[in-house]
Amino acid sequence: MKNPLLAVNNIHTYYDRSHILQGINLEIYSGEVVILIGRQGAGKTTTLLSIMGIQPSKNGSILFAGKEIAGKPSWEIARLGIGLIPENRRIFPDLTVAENLEVAMKSAIGGYNKRSAYGDFPELYPLRDRPAQNLSGGEQQMLTIARTLMGNPKLLLMDEPTEGLAPLLVKRIAESMVRLRDRGQTLLITGHNITFAFDLGDRAYIIDTGTIEWSGEMKQLREQPEILERYLALSN
Ligand SMILES: Nc1ncnc2c1ncn2[C@@H]1O[C@H](COP(=O)(O)OP(=O)(O)O)[C@@H](O)[C@H]1O
Ligand SMILES: [Mg+2]
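What counts, and where the lines are drawn
- Residues numbered from 1 in each chain as written.
- Chains lettered and ligands numbered in written order.
- Predicted model: local features only at pLDDT ≥ 70, side-chain atom pairs only at ≥ 80, totals over all residues.
- Heavy atoms only, no water.
- Pairing = 2+ DSSP bridges.
- Helix = DSSP H or I, 4+ residues; strand = E, 2+ residues; numbered from the N terminus.
- Axes fitted to C-alpha atoms, helices over the stretch in contact; angles between N-to-C directions.
- Contact = heavy atoms within 4.5 Å.
- Near = heavy atom within 4 Å.
- Polar contact = N/O pair within 3.5 Å; in protein donor to acceptor, adjacent residues only side chain to side chain.
- Areas by Shrake-Rupley, 256 points an atom, 1.4 Å probe, with all protein chains shown as cover.
- Nonpolar A, V, L, I, M, F, W, Y, C, P; charged D, E, K, R; others polar.
- Core = buried A, V, L, I, M, F, W, Y, C linked by side-chain atoms within 4.5 Å.
- Buried < 20%, exposed > 50% of the residue type's maximum accessible area, 1.4 Å probe, protein only.
- Expected span 1.5 Å × (residues − 1).
- Arc of directions from axis to C-beta.
- Salt bridge = Lys/Arg side-chain N within 4 Å of Asp/Glu carboxyl O.

**Regarding the sheet that holds strand 6 (residues 82-85)**
In spatial order, the strands read 6-7-8-3-9-10; together these six strands make up an open sheet with mixed pairing. Pairing within the sheet leaves two strands with one partner each, and these edge strands are strand 6 and strand 10 (211-217). Taking each pair of neighbouring strands and ignoring which way they run, the sheet shows an average axis angle of 15 degrees. The pairing of strand 3 (residues 33-37) with strand 8 (residues 186-191) spans five bridges and is parallel. Bridge pairing in strand 8 places leucine 36 opposite threonine 190. The sheet strands contacting helix 8 (residues 225-232) are strand 3, strand 9 (203-208) and strand 10, and the helix crosses strand 9 at an angle near 25 degrees.

**Details of the environment of alanine 174**
Its place among the elements puts alanine 174 in helix 6 (residues 167-182). With 23 residues separating them in the primary sequence, alanine 174 and alanine 197 have C-alpha atoms 7.2 Å apart. For alanine 174, the residues in contact, after removing those within four places along its chain, are Phe196 and Leu200.

**Focus on the site of ligand 1**
Close to ligand 1 lie Tyr15, Ile20, Arg39, Gln40, Gly41, Ala42, Gly43, Lys44, Thr45 and Thr46. In the model, an oxygen atom of ligand 1 is placed 3.2 Å from a nitrogen or oxygen of the alanine 42 main chain. Separating an oxygen atom of ligand 1 from a side-chain N or O atom of threonine 45 is a distance of 2.8 Å. For ligand 1, whose accessible area on its own is 560 Å², the fraction buried by protein is 59%. With three residues, helix 1 (residues 44-51) is the single largest residue contributor to the shell around ligand 1. Residue classes in the shell around ligand 1 are distributed as three nonpolar, five polar and two charged.

**Points about the nonpolar core**
Core analysis: the biggest nonpolar cluster contains 48 residues, and Ile35, Ile37, Ile189, Ile194, Phe196 and Leu221 have the highest contact counts within it. Counting residues per element, this core draws most heavily on helix 6, at six residues.

**Remarks on helix 6**
Across its 16 residues, helix 6 extends 23 Å between first and last C-alpha, which sits within 8% of the 22 Å expected from 1.5 Å per residue. Looking at helix 6, one finds that the buried residues are Leu169, Val170, Ile173, Ala174, Ser176, Met177 and Leu180. All buried residues of helix 6 lie within an arc of 160 degrees about the axis, which places them on one face of the element. In helix 6, the exposed residues that point more than 90 degrees away from the buried face are Pro167, Leu168 and Asp182. Two residues or fewer after helix 6 comes glycine 184, characterised by a positive phi angle close to 95 degrees.

**Notes on the sheet that holds strand 2 (residues 18-28)**
Across the sheet, four strands lie side by side as 2-1-4-5; this open sheet has antiparallel pairing. The open sheet is flanked by strand 2 and strand 5 (67-68), the only strands paired with a single partner. As paired strands, strand 4 (residues 59-64) and strand 5 are joined by two bridges and run antiparallel to one another. Paired with leucine 63 across the bridge in strand 5 is glutamate 68. Here helix 1 sits on the sheet in contact with strand 1 (6-15), strand 2 and strand 4, set at roughly 110 degrees to strand 1.

**Examining the pattern of salt bridges**
Taken as a whole and judged by the stated rule, the model has 11 salt bridges. Salt-bridge contacts for aspartate 120 lead to arginine 183; the nearest nitrogen and oxygen are separated by 2.6 Å. Within this pair, whereas aspartate 120 is found in helix 4 (residues 114-120), its partner arginine 183 is found in the loop between helix 6 and strand 8, the two being separated by 63 residues in sequence. Salt bridges here are not isolated pairs; linked through shared partners, they connect Glu123, Arg172 and Arg179.

Listed below in structure tokens is the structure:
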């Protein structure tokens, strides 16, 4: 079997003396879409921040493309090919859609450009001259993803990308993620309500109180809703 693109092995992460991640293990293969599900406070964001080196783990190992990245500074991890879309959207509100993309292109590596962005997110093209602050939440999320893709990440981490969006926008974001998946983008997406990911994810992990409680095929979660009920009963 091929080696995973990302292999997180037994990481422990603290905020001061609070022991939050208590031995997380997960693997992502190239081209996969993996969903990390867990209720509020389960440790989803902390997991992404640890992978990214922003809230580093104290021990354990994180191999990316076979190389140890635990302990490396986050800029180096980004340069190696991991992109993070944080919970709060990162756009310049006063700049137009096109200008936001142009600013991100200045630091772009690889061939991703405005045209690619409008291909992945056709909704953005007619809005290109509109200030980003006048976009809907879902459109701002698309712009944030497009900006991050300019860095040509081999692995894109998305922290609750559909949180707080109206159902129609959730559907459109999910559709744009399917487009990314179909052109081979590897994705790790977190969420506490993951209905949107049923047709998108290949595999899923359920996290609770800083440990992985379940992992398996997305298909299993679709067919056996009792699994989600067991671990997410207190969420939403
Ligand atoms: N900056 C922080 N300082 C102290 N505790 C934090 C901090 N950020 C998160 N936590 C705690 O870590 C736990 C996991 O949080 P988080 O990873 O944000 O969960 P999730 O993203 O699944 O909602 C929670 O108990 C939360 O209160
Ligand atoms: Mg979070």
